[in-house]
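Residue-level structure breakdown
What follows is each chain in one-letter form.
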Amino acid sequence: MRLYFTPNSPYARITRVALRESGLRTRVEEIGVATRDPATALFEVTPLARVPVLEDGSVVLADTRDICAHFDLLENRARWFPQEDDATRFLRHVVSGFLDGVAVWLREKARPDGERSDPVMRYEEHRAVRVLRWRDEGRWDYCALVLACALDIAQRRGMAKGWHEIAPELVAWATTRAGDPFMVETAPGG
């Protein structure tokens with residue numbers, strides 16, 4: 001099996017932490033790739049050249065949730081998706097949207113001065129605060145992993161200013177999770 005990733009992708013990081021937590025690391029080769037390069041070898045695997053991508057024989061999965069669910073299948077247990085009730089599906093929607101908003105904010109922040117959209121950044125900050133006020137931390141499943149990775153990159157990149165006052169227990173939980181060995185090992189660079 002091969003797992004394609006970029007070090008700064010929070011979506012790929014989720015799969016890399018899940019890979020380690022699932023005990024599958026020795027069965028999967030992790031391959032760092034470039035995604036914004038027309039010559040990237042990733043185009044040979046997926047026409048979108050986006051990460052993460054997992055190749056398992058003839059199976060190609062290119063969605064964070066699907067890859068983590070595949071890890072559950074390989075281990076014949078429900079570690080990442082222990083229950084599939086309506087509340088869990090809604091929670092997955094919220095934390096995935098939270099991560100998407102953090103990613104949008106980060107892309108805007110990375111734009112050169114004059115190209116950055118301050119209204120988009122303010123809106124994503126507003127949505128993030130709404131989630132922080134809504135969400136209680138819980139079990140270490142897929143939703144918690146997504147939330148931990150999103151909060152960690154938001155804190156590392158300066159989006160989380162004042163969040164410790166809005167959701168002190170959640171930020172403390174995320175800070176503790178960021179210190180977990182597999183979170184540290186997969187932490188994004190610069």
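Let me sum up the structure you'll find in this document.

Considerations on the pattern of salt bridges
One pass over the full model with this rule turns up 15 salt bridges. As a salt-bridge pair, Glu185 and Arg25 come within 2.5 Å of each other at their nearest N and O atoms. Taken together, the residues Glu185 in helix α8 (residues 181-185) and Arg25 in the loop between α1 (10-21) and β2 (29-32) connect sequence positions 160 residues apart. A salt bridge links Arg127 to Glu124, with the shortest nitrogen-to-oxygen separation between them at 3.0 Å. Placement of both Arg127 and Glu124 in helix α4 (residues 118-134) is noted, with a separation of three residues, approximately one turn of the helix. Exposure remark for Arg127: the relative accessible area of 32% places this residue in the partly exposed category. If you follow the salt bridges from partner to partner, you end up with Arg16, Arg20, Arg25, Glu30 and Glu185 in one network.

Considerations on the environment of Arg156
Assignment of secondary structure puts Arg156 in helix α5 (residues 142-156). Residues Arg156 and Val129, 27 residues apart in the sequence, show an inter-C-alpha distance of 17 Å. Discounting chain neighbours no more than four positions away, the residues touching Arg156 are Ala187 and Pro188. A polar contact of 2.8 Å, which involves the side chain of Arg156, links it to the side chain of Asp152.

Considering the packing of aromatic side chains
Under the defined criterion, the tally for this structure stands at one aromatic pair. Here the aromatic rings of Phe98 and Trp163 are separated by 6.0 Å at their centres, their planes lie at 45 degrees, and the arrangement is tilted. In this pair, Phe98 sits in helix α3 (residues 86-110) while Trp163 sits in helix α6 (residues 163-166), placing the two residues 65 residues apart along the sequence.

Criteria and thresholds
- Residues numbered from 1 in each chain as written.
- Predicted model: local features only at pLDDT ≥ 70, side-chain atom pairs only at ≥ 80, totals over all residues.
- Heavy atoms only, no water.
- Salt bridge = Lys/Arg side-chain N within 4 Å of Asp/Glu carboxyl O.
- Helix = DSSP H or I, 4+ residues; strand = E, 2+ residues; numbered from the N terminus.
- Buried < 20%, exposed > 50% of the residue type's maximum accessible area, 1.4 Å probe, protein only.
- Contact = heavy atoms within 4.5 Å.
- Polar contact = N/O pair within 3.5 Å; in protein donor to acceptor, adjacent residues only side chain to side chain.
- Phe/Tyr/Trp six-rings, centres within 6.5 Å; stacked < 30°, edge-to-face > 60°.

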